[in-house]
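Descriptive analysis of the structure
Listed here are the chains, written in short residue letters.
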Amino acid sequence: MVSYYDHTEGVLPRPRILLDKRTDDAHDNPTLSLDDEGHLWIFSNAHGPSRPSYVHRSRRPHSIEAFDRMWETNFSYSQPWRLPGGGFCLLHTRYSGNRRFLYVGRSDDGVHWPPPQPLARIAQGHYQISWREGSRIGTALNYHPAKGGLNARTNLYYLETRDGGRSWTTVDGRKLELPLVAVKNPALIRDFESEGLLVYLKDMGFDAEGRPVILFVTSRNYASGPAGDPRVWRTARWTGQAWEFRTALESDNNYDFGSLNLEDDGAWWIIAAAAQGPQEYNTGGEVAVWLIRERGGAWSAPRKLTKNSRYNHTYVRRPLDARPDFYAFWADGHARQESESRLYFTDRAGTHVWRLPATMSGPTAKPEIAW
């Protein structure tokens, strides 16, 4: 389904059903992009090759009333980036058996898509996170070793492109031969495998100086529960000469999730469902904010945005080019059993948390204040 937040009126329209994938697999969640004219482009993922993936475009700019299907293919974990001047760079995963390999697709119009270029094919595959600044796109990835696969995910790599995905370099401009196939290659920025640490990617961006910053979690155990403590949230920042690693916080599950906001004034924000919640040692928890006001300073103590919740909150996301009144967006739900799930957002200052209505009796509705 697709909807939007009306910043002027402070209301949400009733969501429109876009597509029924006939699955209960949450990996089929879509991603959303807007072009320069305001058309909505929705990339509906699959989870492996058993189902198709789709790309839809709204018929009118800034409208959810009607969509056209532009492309049917197969991709997973899509991260589409609209390019300055038009076209898309589509970072995504394609499965080969149980292996998850990374690819980059390019299209000048979103309709015609040449065969994608393989980006990384190390051992059992990868997960990645990415971000765009102008014409520059950076992506950080881990890798799944041949022995252990997903449960042994480790290492941290970074590469970037300045030509829409046609060529890729290291952070200091060295050209990379693609796809990456060796565990140790020029894109490797830290060998966590040798340290016995697993790596779970969370978010990345570019700071006020245009340097990449990566947010990730390290752990010594893939399984949930206290045996995996501590789960350490870290940042990796390129200084211009080397990667600088810092510890931000700890939480109780490898899949706790949050977003990293890097402000033009130099402040860094982590908004994450990483404070202890009602379903301890399961994904998510209470949502809190951690802040550094100046680079090199200490992270603040967490300021909780949610308290005494019935369910764990999780998967806090930041909108692209976020407005101050809609700064982070997430859901809740019971971490151990089926339950209802509600959607929430907060503003930049964290003054309130708003909950979207679960039912709507009219064409629009105002969100209610939950905290």
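Please refer to the structure placed before this passage.
Residues numbered from 1 in each chain as written. Predicted model: local features only at pLDDT ≥ 70, side-chain atom pairs only at ≥ 80, totals over all residues. Heavy atoms only, no water.

**What about the overall build of the protein?**
Broken down by element type, the protein carries zero helices and 27 strands. Taken over the C-alpha trace, the protein has a radius of gyration of 20 Å; the compact-globule value for 371 residues is 21 Å, and the two agree within 12%. Seen through its principal axes, the protein has C-alpha atoms that stretch 55 × 50 × 40 Å. For the protein, buried positions account for 54% of its 371 residues. Looking at the protein alone, contacts between residues at least 24 apart form 46% of all its contacts between residues at least 6 apart. Total accessible area on the protein stands at roughly 17,300 Å², and carbon and sulfur atoms take up 47% of it. Positive and negative charge centroids in the protein, built from 46 and 43 side chains respectively, lie 3 Å apart. (Helix = DSSP H or I, 4+ residues; strand = E, 2+ residues; numbered from the N terminus. Rg over C-alpha atoms; globule rule 2.2 N^0.38 Å. Buried < 20%, exposed > 50% of the residue type's maximum accessible area, 1.4 Å probe, protein only. Contact = heavy atoms within 4.5 Å. Areas by Shrake-Rupley, 256 points an atom, 1.4 Å probe, with all protein chains shown as cover. Lys, Arg positive; Asp, Glu negative; His and termini not counted. Charge placed at Lys NZ, Arg CZ, Asp CG, Glu CD.)

**Some thoughts on the sheet that holds strand β10 (residues 128-133)**
Spatially, β10-β11-β12-β13 is the arrangement adopted by the four strands of the open sheet, whose pairing is antiparallel. Unpaired on one side and paired on the other, β10 and β13 (188-190) mark the two borders of the sheet. Across the sheet, the mean angle separating the axes of adjacent strands is 25° when strand polarity is ignored. The pairing of strand β11 (residues 136-143) with strand β12 (residues 154-161) spans six bridges and is classified as antiparallel. Residue Ala-140 lies in a different strand from β12, and its bridge partner there is Tyr-158. (Pairing = 2+ DSSP bridges. Axes fitted to C-alpha atoms, helices over the stretch in contact; angles between N-to-C directions.)

**With respect to the nonpolar core**
In terms of nonpolar packing, the biggest core is built from 36 residues, with Leu-91, Leu-156, Tyr-158, Ile-214, Phe-216 and Trp-243 touching the most fellow members. Core analysis: the next-biggest nonpolar cluster, separate from the first, contains 19 residues, Val-217, Trp-268, Ala-274 and Trp-290 among them. (Core = buried A, V, L, I, M, F, W, Y, C linked by side-chain atoms within 4.5 Å.)

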